[in-house]
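Listed here are the chains, written in short residue letters.
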Amino acid sequence: MQYRPHRYRTEYPITLITPAGPVKAVIDDVNETGALVTIRGPVARGHKVSMSFLNNRVEAVVHWALRGKCGIAFRPHLTAAQVDALRYKQGGHRSLRHTSVNYAEMR
């Protein structure tokens, strides 16, 4: 049995260009080889899709699709910088937000 490389959790909104046209989607996890995507449109196994983010255009192939989610494999694989850009999390954990309340200013 072969394990896939670790995937990083994220909530990155994207638009996938599918054979049926542009579709809104969110990347749920990502690594250099692929991603789990929540999608609001029809895709099927074997579809070639593309997406753009931060001046990058990425091509991928749908490996599976089921109930509003799909797994895509990037062709060619992403670079480490592209993975880091996609690891951005919209919102984040609200209770861990940094505040400057109760800190004395140092001079």
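One can find the structure itself at the top, above this paragraph.
Along each chain, numbering runs from 1 in the same order as the chain's sequence is written. Under the rules for a predicted model, residues below a pLDDT of 70 receive no local features and side-chain atom pairs below 80 are neither given nor counted, while totals for whole chains, interfaces and linings still include all residues. In computing side-chain properties, one takes all heavy atoms of the structure into account and sets aside hydrogens as well as water.

Secondary structure elements are defined from DSSP: runs of H or I of at least 4 residues count as helices, runs of E of at least 2 residues count as strands, and each element is numbered from the N terminus. On a plain count of helices and strands, the chain comes out with one helix and six strands. Along the chain, helices (α) and strands (β) appear in the sequence β-β-β-β-β-β-α when read from the amino end. Each residue's exposure class comes from its accessible area (1.4 Å probe, protein chains only) as a fraction of the maximum for that residue type: buried when under 20%, exposed when over 50%, partly exposed otherwise. With 107 residues in all, the chain has 34% of them scored as buried. For the chain, the share of sequence-separated contacts (at least 6 apart) that also reach a separation of at least 24 residues comes to 46%. Contacts are residue-level and defined by heavy atoms, with any inter-residue pair within 4.5 Å sufficient.

This part is about the environment of Ile 39. Mapped onto the secondary structure, Ile 39 falls in strand 3 (residues 34–39). What makes Ile 39 buried here is its relative accessible area of 7%. In this structure, the C-alpha to C-alpha distance between Ile 39 and Val 26, residues 13 residues apart in sequence, is 6.6 Å. Not counting the four nearest positions on each side in its chain, Ile 39 is found in contact with Leu 16, Val 23, Lys 24, Ala 25, Gly 68, Lys 69 and Cys 70.

Whether two strands pair comes down to DSSP finding at least two bridges between them. If you walk around this closed barrel you meet the six strands as 1-2-3-6-5-4, and the pairing is antiparallel. The average angle at which neighbouring strand axes cross in this sheet is 45°, direction not considered. As paired elements, strand 2 (residues 21–30) and strand 3 share five bridges and run antiparallel to each other. Counterpart to Val 30 in the pairing with strand 3 is Ala 35. A fitted line through C-alpha atoms serves as each axis, taken over the contacting stretch for helices, and the angle formed by two N-to-C directions is quoted from 0 to 180°.

A large share of strand 2 lies buried, amounting to seven of its 10 residues. Bridge count between strand 1 (residues 8–18) and strand 2: nine bridges; the pairing is antiparallel. Of the residues in strand 2, the one forming a bridge with Thr 15 is Lys 24. Following strand 1, the chain reverses through two residues before pairing antiparallel with strand 2.

A few words now on the packing of aromatic side chains. Note on ring pairs: Phe, Tyr and Trp rings are taken, using the six-membered ring of Trp, and paired if centres are within 6.5 Å. Classes follow the plane angle, with under 30 degrees stacked, over 60 edge-to-face and the rest tilted. Within the structure shown, the criterion is met by one aromatic pair. A ring pair is formed by Tyr 12 and Phe 53, whose centres lie 6.2 Å apart and whose planes are at 80°; its orientation type is edge-to-face. With Tyr 12 in strand 1 and Phe 53 in strand 4 (residues 48–53), the pair connects residues that are 41 residues apart, well separated along the chain. With respect to class, Tyr 12 is no different from Phe 53; both count as buried.

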